[in-house]
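# Per-entry structural report
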Amino acid sequence: STPAVGEPPLSAPEYRLLQCLLYHYPLDWVRAEGRMLSVLVDGINEKLYDSFMDSVLDDTPELIEDYIEDLKEMVKP
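Residues numbered from 1 in each chain as written. Predicted model: local features only at pLDDT ≥ 70, side-chain atom pairs only at ≥ 80, totals over all residues. Heavy atoms only, no water.

### Notes on helix H3 (residues 37-52)
Helix length check: H3 (16 residues) gives 21 Å between terminal C-alpha atoms against 22 Å at 1.5 Å per residue, within 8%. Considering bend angle alone, the principal kink of H3 is centred on Glu46 and spans about 30°. Listed in full, the buried residues belonging to H3 are Leu40, Val41, Gly43, Ile44, Asn45, Leu48 and Phe52. Packed against the buried residues of H3 are helix H1 (12-23), helix H2 (28-32) and helix H4 (68-74). Once H3 ends, the next one or two residues include Met53, with phi positive near 55°. (Helix = DSSP H or I, 4+ residues; strand = E, 2+ residues; numbered from the N terminus. Expected span 1.5 Å × (residues − 1). Bend = angle between axes of the 7 residues up to and from the residue. Buried < 20%, exposed > 50% of the residue type's maximum accessible area, 1.4 Å probe, protein only. Contact = heavy atoms within 4.5 Å.)

### As for H1
Taking 1.5 Å of rise per residue, 12 residues should cover 16 Å, and H1 covers 16 Å from first to last C-alpha, within 8% of that figure. Counting buried positions along H1 gives 9 out of 12 residues, so the element sits mostly inside the fold. At its buried positions, H1 is contacted by H2, H3 and H4.

### Some remarks on the pattern of salt bridges
The tally for this structure, following the rule as stated, stands at 3 salt bridges. Taking the shortest distance from any N to any O, the salt bridge between Arg16 and Glu33 comes out at 3.0 Å. With a gap of 17 residues between them, Arg16 in helix H1 and Glu33 in the loop between H2 and H3 connect regions that are remote in the sequence. Judged by relative accessible area, Arg16 falls into the partly exposed class, the value being 33%. Put simply, Arg16, Glu33 and Arg35 are held in one network by salt bridges that share partners. (Salt bridge = Lys/Arg side-chain N within 4 Å of Asp/Glu carboxyl O.)

### Quick notes on the side chain of Gln19
By the secondary structure assignment, Gln19 is in helix H1. Within the structure, the side chain of Gln19 is placed 2.9 Å from the backbone oxygen of Lys76, a separation counted as a polar contact. For Gln19, the contacting residues outside a window of four places in its chain are His24, Tyr25, Val75, Lys76 and Pro77. (Polar contact = N/O pair within 3.5 Å; in protein donor to acceptor, adjacent residues only side chain to side chain.)

### Points about the environment of Phe52
Tracing the sequence through the fold places Phe52 in helix H3. Residue Phe52 is classed as buried on the basis of its relative accessible area of 13%. In contact with Phe52, other than residues within four places in its own chain, are Tyr67, Asp70, Leu71 and Met74.

Pasting the structure below:
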């Protein structure tokens, strides 16, 4: 399905990971669901690259500070 206008084209887990990082929620669900953090991070960076012309997450994963406000516009708590 196509994302609604203005919404990032992220999968549900990718969106959830961004939410957790932006709003300081725990990340324990990632391993509990059998997902790999690095795979989610790569997916987010890849899908948002065109919007930011840069990665929005580093490998830690930490948000790149310059993009936090823009990401909060896209990702609600």
